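Below are the chains, spelled out letter by letter.
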Amino acid sequence: QVQLVESGGGLIQAGGSLRLSCAASGRTVSNFAMGWFRQGPGKERERVAVISRSGKSTVYADSVKGRFTISRDNAKNTVYLQMNSLKPEDTAVYYCAAGTTGLTTVDYWGQGTQVTVSS
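Keep in mind that what you see is a predicted model, and the values were worked out from it rather than measured.

## A look at the packing of aromatic side chains
- In total, this model carries three aromatic pairs according to the counting rule given.
- Where phenylalanine 37 meets tryptophan 109, the ring centres are 4.9 Å apart and the plane angle is 65°; that geometry is what we call edge-to-face. Pair noted here: phenylalanine 37 is in strand 4 (residues 33-39) and tryptophan 109 is in strand 10 (residues 106-109), with a separation of 72 residues, a long-range link.
- Classification of tryptophan 109 as partly exposed rests on a relative accessible area of 37%.
- Taken together, a centroid distance of 6.4 Å and an interplanar angle of 90° make the contact between tyrosine 95 and tryptophan 109 edge-to-face. Here tyrosine 95, found in strand 9 (residues 92-99), pairs with tryptophan 109, found in strand 10; they are 14 residues apart in sequence, far enough to count as distant.
- Through successive ring pairs, a cluster of aromatic residues spans Phe37, Tyr95 and Trp109.
- The side chain of arginine 45 reaches across the aromatic face of tyrosine 95, ending 3.9 Å from its centre.
- Here the basic side chain of arginine 45 rests over the ring of tryptophan 109, its NZ or CZ set 4.5 Å away from the ring centre.

Right, dumping it as structure tokens:
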């Protein structure tokens, strides 16, 4: 079992930056691809960013490319999402996830952290 706990969400003005953290406990996260999903009001959950087990490979949704950066520290069992140039449309609950390569299957979810971007 893996427990994922997100932190770092909050209310921020458009153009600002936030860094989300996902702390894992239980099995080591180096065994899993990790990533972030989000679900905005009235929207379906979408995959935002994925990072490989080693951290050498990353994939981003088109909507966040060039603004968001995913990283991981396997020694600390933690994954991060640096979010810059935030837009009101980035408002969502952000979920940390652990699973198979590319997160084609998600085995574990965090509880989510709210990010609200005001215009």
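Additional details are given in the paragraphs that follow.
## A closer look at the pairing of strand 4
- Taking burial as the measure, the seven residues of strand 4 include six buried ones, the bulk of the element.
- Sheet topology note: the strand 4/strand 9 ladder contains seven bridges and is antiparallel. From the neighbouring strand, alanine 33 faces strand 9, where its bridge partner is glycine 99.
- In terms of strand pairing, strand 4 meets strand 5 (residues 46-51) through five bridges, oriented antiparallel. Of the residues in strand 5, the one forming a bridge with tryptophan 36 is alanine 49.
- Hairpin geometry of strand 4 and strand 5 is characterised by an intervening segment of six residues between the two adjacent antiparallel strands and by a positive phi of about 70° at glycine 42.

## So, the nonpolar core
- One finds Leu4, Met34, Trp36, Leu81, Met83 and Tyr94 to be the most contacted residues of the largest nonpolar core, which totals 30 residues.
- Counting only elements with at least two residues in this core, the list comes to strand 1 (2-7), strand 3 (18-26), strand 4, strand 5, strand 7 (68-73), strand 8 (78-83), strand 9 and strand 11 (113-118).
- In contact with leucine 4, not counting residues within four places along its chain, are Cys22, Ala23, Ala24, Met34, Cys96, Ala97, Ala98, Tyr108, Trp109, Gly110 and Gln111.

Criteria and cut-off values
Residues numbered from 1 in each chain as written. Predicted model: local features only at pLDDT ≥ 70, side-chain atom pairs only at ≥ 80, totals over all residues. Heavy atoms only, no water. Phe/Tyr/Trp six-rings, centres within 6.5 Å; stacked < 30°, edge-to-face > 60°. Helix = DSSP H or I, 4+ residues; strand = E, 2+ residues; numbered from the N terminus. Buried < 20%, exposed > 50% of the residue type's maximum accessible area, 1.4 Å probe, protein only. Lys NZ or Arg CZ within 6 Å of the ring centre and 35° of its normal. Pairing = 2+ DSSP bridges. Core = buried A, V, L, I, M, F, W, Y, C linked by side-chain atoms within 4.5 Å. Contact = heavy atoms within 4.5 Å.

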